[in-house]
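Letter by letter, the chains look like this.
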Amino acid sequence: MSETMGMTDKQFNAFIRFIHENLLDAMSESDNAKHYAKLQKIIDNLQNILED
């Protein structure tokens, strides 16, 4: 049996804030390789969350 655990509004807001800050950081990167690497890291982290 699989159990899912919900998150509170505060936890969800913190998660969105975390993603927002990481996206802003990636967007401010002027070096294309670093820009891509930062975006890829965000994508990988989101994928890992979806797989858990």
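Remember, predicted model here, so these are calculated numbers, not experimental data.

Cut-offs and rules
- Residues numbered from 1 in each chain as written.
- Predicted model: local features only at pLDDT ≥ 70, side-chain atom pairs only at ≥ 80, totals over all residues.
- Heavy atoms only, no water.
- Helix = DSSP H or I, 4+ residues; strand = E, 2+ residues; numbered from the N terminus.
- Rg over C-alpha atoms; globule rule 2.2 N^0.38 Å.
- Buried < 20%, exposed > 50% of the residue type's maximum accessible area, 1.4 Å probe, protein only.
- Areas by Shrake-Rupley, 256 points an atom, 1.4 Å probe, with all protein chains shown as cover.
- Lys, Arg positive; Asp, Glu negative; His and termini not counted.
- Charge placed at Lys NZ, Arg CZ, Asp CG, Glu CD.
- Axes fitted to C-alpha atoms, helices over the stretch in contact; angles between N-to-C directions.
- Parallel < 35°, antiparallel > 145°, perpendicular 65-115°, else oblique.
- Left-handed = near helix turned anticlockwise from the far one by under 90°.
- Contact = heavy atoms within 4.5 Å.
- Salt bridge = Lys/Arg side-chain N within 4 Å of Asp/Glu carboxyl O.
- Patch = residues over 30% accessible without salt bridge, like charges linked within 9 Å, V, L, I, M, F, W, Y side chains within 5 Å.

(A) Representation of the overall build of the chain within the structure. The helix and strand inventory of the chain stands at two helices and zero strands. Scaling as 2.2 N^0.38, a compact globule of 52 residues should have a C-alpha radius of gyration of about 10 Å, whereas the chain reaches 14 Å, well beyond that. On the principal axes, the C-alpha backbone points of the chain span a range of 45 × 25 × 5 Å. Across the 52 residues of the chain, 8% fall into the buried class. Summed over its atoms, the accessible surface of the chain is roughly 4900 Å², and 57% of this surface lies on carbon and sulfur atoms. Positive and negative side-chain charges of the chain, numbering 5 and 9 respectively, have mean locations separated by a distance of 9 Å.

(B) Quick peek at the packing of helix H1 (residues 9-27) against helix H2 (residues 32-51). Relative orientation of the contacting elements H1 and H2 amounts to 160°, with a least axis distance of 8 Å. Taken together, the axes of H1 and H2 lie roughly antiparallel to each other. Here H1 and H2 pass one another in a crossing that is left-handed. Residues Phe 15, Ile 19, Asn 22, Leu 23, Asp 25, Ala 26 and Met 27 of H1 form the contact with H2, whose own contacting residues are His 35, Lys 38, Leu 39, Ile 42, Leu 46 and Ile 49.

(C) Molecular detail of the pattern of salt bridges. A full pass over the atoms with the stated rule returns two salt bridges. Among the ionic pairs, Lys 38 bridges to Glu 29, the shortest N-O distance being 3.1 Å. Note on Lys 38: relative accessible area 27%, which makes it partly exposed. Each of Asp 25, Glu 29 and Lys 38 takes part in salt bridges that share partners, so that together they form one network.

(D) Representation of a nonpolar patch on the surface within the structure. Together, Met 7, Phe 12 and Ile 16 line one region of the surface with nonpolar side chains, adding up to about 290 Å² of accessible area. Note on placement: Met 7 falls in the segment before H1.

Any link to function would need more than the numbers given here.
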